[in-house]
Amino acid sequence: RAKAQGRNSYKIFDAQMHTQAVNRLTLETEIRKALEREEFIVYYQPIVDLLGGRLIGFEALVRWLSPTRGFVSPGEFIPIAEETGLIVQIDRWMFYTVCQQLVNWKTNFTHFPLKVSINLSAQDIRQASLIEDIDRTLAETGLEGNSIVLEITESMLIEDIDKTIDLLTQLKDRKIQISIDDFGTGYSSLNYLHRLPADNLKIDRSFVSQMEEGNRNYQVVSTIIALSNQLGLAVVAEGIETPQQLQWLQQLGCELGQGYLFSPPLASQEIETHLLKEDYEKLYQAHLFNALV
Ligand code: C2E
Ligand code: MG
Ligand code: MG
Ligand code: MG
């Protein structure tokens, strides 16, 4: 297209592509440095039981605090980290850090019953060493697999379904739970879904945020919940922002959820002072009932 518009637009196109390539390269170099300098931080977003109002766990979400760029959102650096394969190192670091944090919380807050969900990328599950790395981290930190949930998106699962089932089975052997993330946005092949040893489905935020009673998104959410019930999976709704959304999800029988209505992702220090040191069950119940009136 650029060519058809003559030599000048060709040049502009080249210049733009050049700038993009340079930006990418700069970001790649900075991500590498960020790994060395430990500029990544884990944030934890509460996941609650929508009917009883209890806090049941957290989703761990990576944050990058760059000395030059400030807070960089995952939306900006994860795609580049995925293209360059650096995501594998970031996710290994996340896994290790979350395991350490969980051991610490279990030691300092007795009867800490909470689970933490960690996101995996397609690159992670393609690594032959994934299970080995997980075993080593669990052994080194002394954490049991039953505190961990791994989130995997639909499209990652079907690349090689038999291999995926084998991998998920090995994770289940370690008592690690499996969550299918962003459900409804990828390929939903119902042929394989029942074969997956998964524990729950996460309804993507895009459906929840555009839900209106009886509209298409509402129907999609309702269908995903029915499907999960059929398959014996729990359902987690992402991105709950309003009391109205919460009420609809409760009506539809959605058991679990997360979203700004309850809490944004928080630094571990904030989780400790606001949740773990308080009577967090009561606190969350209060939130939930406030949201309902
Ligand atoms: P995700 O796994 O679907 O995570 C949920 C995203 O929704 C998070 O964005 C979270 O902050 C955001 N969110 C939660 N509640 C609300 C809400 O009520 N309203 C709105 N508008 N947003 C809400 P975040 O942290 O920016 O992460 C974006 C995506 O980046 C994640 O989507 C996940 O795919 C990826 N990601 C984040 N951390 C990691 C990581 O450690 N490893 C890998 N591989 N991917 C990660
Ligand atoms: Mg997730
Ligand atoms: Mg998600
Ligand atoms: Mg999502």
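Refer to the structure above for everything that follows.
Notes on the structure in this doc start here. (Residues numbered from 1 in each chain as written. Chains lettered and ligands numbered in written order. Predicted model: local features only at pLDDT ≥ 70, side-chain atom pairs only at ≥ 80, totals over all residues. Heavy atoms only, no water.)

Before going further, it helps to examine the overall build of the chain. Along its length, the chain carries 13 helices and 10 strands. A separation threshold of at least 6 residues defines the contact pool for the chain, and within that pool the share at least 24 residues apart is 69%. A total accessible area of about 15,000 Å² is found for the chain, and carbon and sulfur atoms account for 49% of it. (Helix = DSSP H or I, 4+ residues; strand = E, 2+ residues; numbered from the N terminus. Contact = heavy atoms within 4.5 Å. Areas by Shrake-Rupley, 256 points an atom, 1.4 Å probe, with all protein chains shown as cover.)

So, about the coordination of the magnesium ion (ligand 2). Donor atoms from the polypeptide that coordinate the magnesium ion (ligand 2) comprise E59 (OE), N119 (OD1), E151 (OE) and D181 (OD), at 2.0 to 2.3 Å from the metal. On the primary sequence, the residues serving as donors to the magnesium ion (ligand 2) are separated as E-x59-N-x31-E-x29-D. Between the magnesium ion (ligand 2) and the magnesium ion (ligand 3), a separation of 3.4 Å is found, and both are coordinated by D181. Of this pair, E59 sits in strand β2 (residues 55-66) while E151 sits in strand β5 (residues 148-153); the two residues are 92 residues apart in sequence, bridging distant segments of the chain. (Donors = N, O, S within 2.8 Å, 3.2 Å for Na, K, Ca; no water.)

Around the magnesium ion (ligand 4), the donor atoms from the protein are D182 (OD), D204 (OD) and E238 (OE), and they sit 2.2 to 2.7 Å away. The motif formed by the donor residues of the magnesium ion (ligand 4), counted along the single chain, is D-x21-D-x33-E. The magnesium ion (ligand 3) is placed at 3.1 Å from the magnesium ion (ligand 4), the two being bridged by D182. Here D182, found in strand β6 (residues 177-183), pairs with E238, found in the loop between β8 (234-237) and α11 (243-251); they are 56 residues apart in sequence, far enough to count as distant. Assessed through its relative accessible area of 24%, D182 is described here as partly exposed. According to the relative accessible area criterion, E238 is buried, its value standing at 10%. (Buried < 20%, exposed > 50% of the residue type's maximum accessible area, 1.4 Å probe, protein only.)

What follows is about the site of ligand 1. Lining the immediate surroundings of ligand 1 are 24 residues, of which R63, D91, N119, E241 and Y260 lie closest. Contact between ligand 1 and S121: a nitrogen atom at 3.0 Å from a side-chain N or O atom of the residue. Measuring from an oxygen atom of ligand 1, one finds a side-chain N or O atom of D182 at 3.0 Å. Of the pockets mapped on this structure, ligand 1 occupies the largest pocket. Top element by residues in the shell around ligand 1 is β2. It accounts for four residues. For the shell around ligand 1, a count of residues per class yields 10 nonpolar, five polar and nine charged. (Near = heavy atom within 4 Å. Polar contact = N/O pair within 3.5 Å; in protein donor to acceptor, adjacent residues only side chain to side chain. 1 Å grid on protein atoms, 1.4 Å probe; cavity = no way out; pocket = protein on both sides within 12 Å on 5 of 7 lines; lining within 4 Å. Sits in = over half its atoms within 2 Å of the grid points. Nonpolar A, V, L, I, M, F, W, Y, C, P; charged D, E, K, R; others polar.)

This part covers the nonpolar core. Across soluble globular proteins, nonpolar side chains have a tendency to be buried as a group. By size, the foremost hydrophobic cluster in this structure holds 84 residues, and its most contacted members are I31, F40, F58 and I148. The greatest single-element share of this core, amounting to 11 residues, is contributed by helix α3 (residues 86-108). (Core = buried A, V, L, I, M, F, W, Y, C linked by side-chain atoms within 4.5 Å.)

So, on to the pairing of β8. Covered by surrounding structure in β8 are A234 and V236 together with V235 and A237, the residues of both alternating faces. When β8 meets strand β9 (residues 256-257), the two strands line up parallel, connected through two bridges. By the bridge assignment, A237 is partnered in β9 with G257. (Pairing = 2+ DSSP bridges.)

Attention shifts here to unusual backbone geometry. In this structure, E38 is a non-glycine residue whose phi angle is positive, near 55°. Among the structural elements, E38 can be located in the loop between α1 (7-36) and β1 (40-49). Backbone geometry places K175, a non-glycine residue, at a positive phi of 65°. Within the fold, K175 resides in the loop between α7 (161-173) and β6. Overall, the relative accessible area of 56% leaves K175 in the exposed class.

On to the layout of surface pockets. Roughly 1,000 Å³ of internal volume is contained in the largest pocket. In this structure, the largest pocket is lined by 34 residues; those nearest its centre are E59, L61, P74, N119 and D181. Only β2, α2 (74-84), α3, β4 (115-119), β5, β6 and α9 (205-209) provide two or more residues apiece to the lining of the largest pocket. With five residues, the top contributor of residues to the lining of the largest pocket is β2. Its residues placed into classes, the lining of the largest pocket shows 13 nonpolar, 10 polar and 11 charged. (Points joined across faces, edges and corners; volume = space filled by probe spheres on them.)

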